[in-house]
Amino acid sequence: MEEFFRIKRLPPYVFAVVNELKYQARARGEDIIDFGMGNPDLPTPQHIVDKLCEAAQQGRNHRYSLSRGIFGLRRAICGYYKRRFDVDLDPDTESIVTIGSKEGLSSLALAMTTPGMTVLTPNPTYPIHVYSFVLAGADIRHVPLSRDGDFFEELRRAVVNSWPRPKVLVVNFPSNPTAMVVDLDFYEKVVACAREYNLMVLSDIAYAEICFDGYRAPSILQVPGAKEVAVEFYSLSKTYSMPGWRVGFSVGNQHLIRALARIKSYLDYGMFQPIQIAATVALNGPQECVAEARQIYQSRRDILLDGLARSGWQIEAPKASMFVWAKIPDDFRHLGSLEFTKLLLKEAKVAVSPGVGFGEYGDDSVRIALIENEHRTRQAIRSMRRFLSAGADVRP
Ligand SMILES: Cc1ncc(COP(=O)(O)O)c(C=O)c1O
């Protein structure tokens, strides 16, 4: 039978290759240290779990909930934006709860897209930024994103060379996978470009609270007038180590929030209400747990980078996110990121994500997620050091 239209639009999944090799190695009884997926290993803070259990005991919470999220949670979301970014939002018209930010991005892409519409996405980037729009029927124009590149020049080139003219720009800082961060003046320029080029901006700040060394990630909505051109997606998955709970939200431009609410009202009944109640407690309650998580990721980052630097692999320390974006060492760069990842898995028993899985401009790097504890991280450093010192002698 012929493959369906949308399924055919999805290319082979690069990470599946690594996952399969990982699975086979584990089946052989090998101990693989897994820095592959950005899946937080820390438990959700106890007071949030307790609230979930308490709310789950109440029969009234077992019914269908509201697709756009209960008012208390939307009010908590707006409270967070006021406290953290000094941004005023109306819970009814400028905020919506989503089933993880991934679902929010996908549903909004579906709501916004006319077939053949051009969408600008960074490259490399988190795959949903691209594939939510691919699945909705849009055409993607990639905007190369690197520490040494000029993003705004790339953006200008992408706009003037695209026809039909692009309608949407996705930005994501702190970035997954590169861990690149920006300051508010970056968003000021993004908003100015959005006006000049007639773009709507989708900003994803999933890692806004996982910041190190005194850095604090800004929100695009801090730019005066940003609400006219932008919405922002946020996730509780990383901040409160709640990836399996599926809680995210979107805030900002009323027209986009309304469109998202409308399409979601046809697609879902909202999250299980006890989860929404516990998520409200996460946002309104004590925030020491966030500082603790930040400290744990930072300490893992330092251990990993110190250890790898001692084996000659110098990597720039990320100021945020739970990722280290590491240029492949010179001796191995010619292999490309997928072959290097396979070799690292085979020889060092360490799994990372090949940069090419996030886009062609990521192929000179691998992404190392800080999701193994300090003991396992040190163990990985020892085996990576042995592997790297064998250098060019190791062949795929
Ligand atoms: C940049 C970015 N956005 C969104 C998500 C998805 O988050 P959620 O769990 O809220 O769907 C992730 C998860 O890894 C991410 O890295």
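What you see is a predicted model; the values in this text were computed from it and never measured. (Residues numbered from 1 in each chain as written. Predicted model: local features only at pLDDT ≥ 70, side-chain atom pairs only at ≥ 80, totals over all residues. Heavy atoms only, no water.)

A. The packing of helix H3 (residues 46-56) against helix H11 (residues 273-284), seen in detail. The interhelical angle for the contact between H3 and H11, taken along N-to-C directions, is 145°, at an axis separation of 8 Å. Two packed elements cross with a definite hand, and for H3 against H11 that hand is right-handed. Only Pro 274, Ile 275, Ile 277, Ala 278, Val 281 and Ala 282 of H11 make contact with H3, whose side of the interface consists of His 47, Ile 48, Lys 51, Leu 52, Ala 55 and Ala 56. Of the residues contributing to the contact of H3 with H11, the split by class is 10 nonpolar, one polar and one charged. (Axes fitted to C-alpha atoms, helices over the stretch in contact; angles between N-to-C directions. Helix = DSSP H or I, 4+ residues; strand = E, 2+ residues; numbered from the N terminus. Left-handed = near helix turned anticlockwise from the far one by under 90°. Contact = heavy atoms within 4.5 Å. Nonpolar A, V, L, I, M, F, W, Y, C, P; charged D, E, K, R; others polar.)

B. Looking closely at the nonpolar core. Core analysis: the largest hydrophobic core is formed by 62 residues, its most contacted members being Tyr 81 and Leu 236. Among the domains, domain 1 (5-44 + 289-390) and domain 2 (63-284) are the pair contributing at least three residues each to this core. Leaving out residues up to four positions away in the same chain, Tyr 81 has contacts with Asp 86, Val 87, Leu 89, Ile 205, Ser 219, Leu 221, Glu 232, Phe 249 and Val 251. Membership of the second largest hydrophobic core comes to 38 residues, among which are Ile 33, Tyr 207, Ala 293 and Val 366. (Core = buried A, V, L, I, M, F, W, Y, C linked by side-chain atoms within 4.5 Å. Buried < 20%, exposed > 50% of the residue type's maximum accessible area, 1.4 Å probe, protein only. Domains from an automatic or database assignment.)

C. Local environment of the domain arrangement of the protein. If you check the domain split of the protein, you get domain 1 (5-44 + 289-390) and domain 2 (63-284). Domain 1 and domain 2 are separated by 26 Å when their C-alpha centres are compared. Between domain 1 and domain 2, a total of about 3,100 Å² is buried, with carbon and sulfur atoms accounting for 62% of that surface. Between domain 1 and domain 2 we count four salt bridges in total. Between Arg 147 and Glu 316 there is a salt bridge whose closest N-O contact spans 3.8 Å. On inspection of domain 1 and its partner domain 2, the count reaches 15 residue pairs in polar contact (both at pLDDT 80 or more). Elements that contribute at least two residues to the side of domain 1 that touches domain 2 include exactly helix H12 (288-310) and strand E9 (323-327). Broken down by class, the residue content of the side of domain 1 that touches domain 2 amounts to 16 nonpolar, eight polar and eight charged. (Buried area = accessible area lost by both parts, 1.4 Å probe. Salt bridge = Lys/Arg side-chain N within 4 Å of Asp/Glu carboxyl O. Polar contact = N/O pair within 3.5 Å; in protein donor to acceptor, adjacent residues only side chain to side chain.)

D. View of the sheet that holds strand E3 (residues 118-123). One open sheet holds the seven strands; their spatial order is E2-E8-E7-E6-E5-E3-E4, and the pairing between them is mixed. This sheet does not close on itself; its edge strands, each paired only once, are strand E2 (95-98) and strand E4 (139-144). Each neighbouring strand pair of the sheet contributes to a mean axis angle of 20°, computed without reference to strand direction. In the sheet, E3 pairs with strand E5 (residues 168-172) via two bridges, with the strands oriented parallel. Each bridged residue has a counterpart across the sheet, and for Leu 120 the counterpart in E5 is Leu 169. Contacts from helix H7 (residues 151-160) reach E3, E4 and E5 within the one sheet, and its direction differs from that of E4 by about 150°. (Pairing = 2+ DSSP bridges.)

E. Local environment of the site of the ligand. Near the ligand, the surroundings consist of 13 residues, among which Ser 101, Asp 204, Tyr 207, Ser 235 and Ser 237 are the closest. A distance of 2.7 Å is found between an oxygen atom of the ligand and a side-chain nitrogen or oxygen belonging to Ser 235. Lys 238 has a polar side-chain atom sitting 2.8 Å from an oxygen atom of the ligand. When the free accessible area of the ligand is taken as 400 Å², the share hidden by the protein chains comes to 95%. Taken together, the elements giving at least two residues each to the shell around the ligand come down to helix H5 (100-112) and helix H9 (236-239). The dominant element in the shell around the ligand, judged by the number of residues it contributes, is H5, at three residues. In terms of residue class, the shell around the ligand is made up of three nonpolar, six polar and four charged. (Near = heavy atom within 4 Å. Areas by Shrake-Rupley, 256 points an atom, 1.4 Å probe, with all protein chains shown as cover.)

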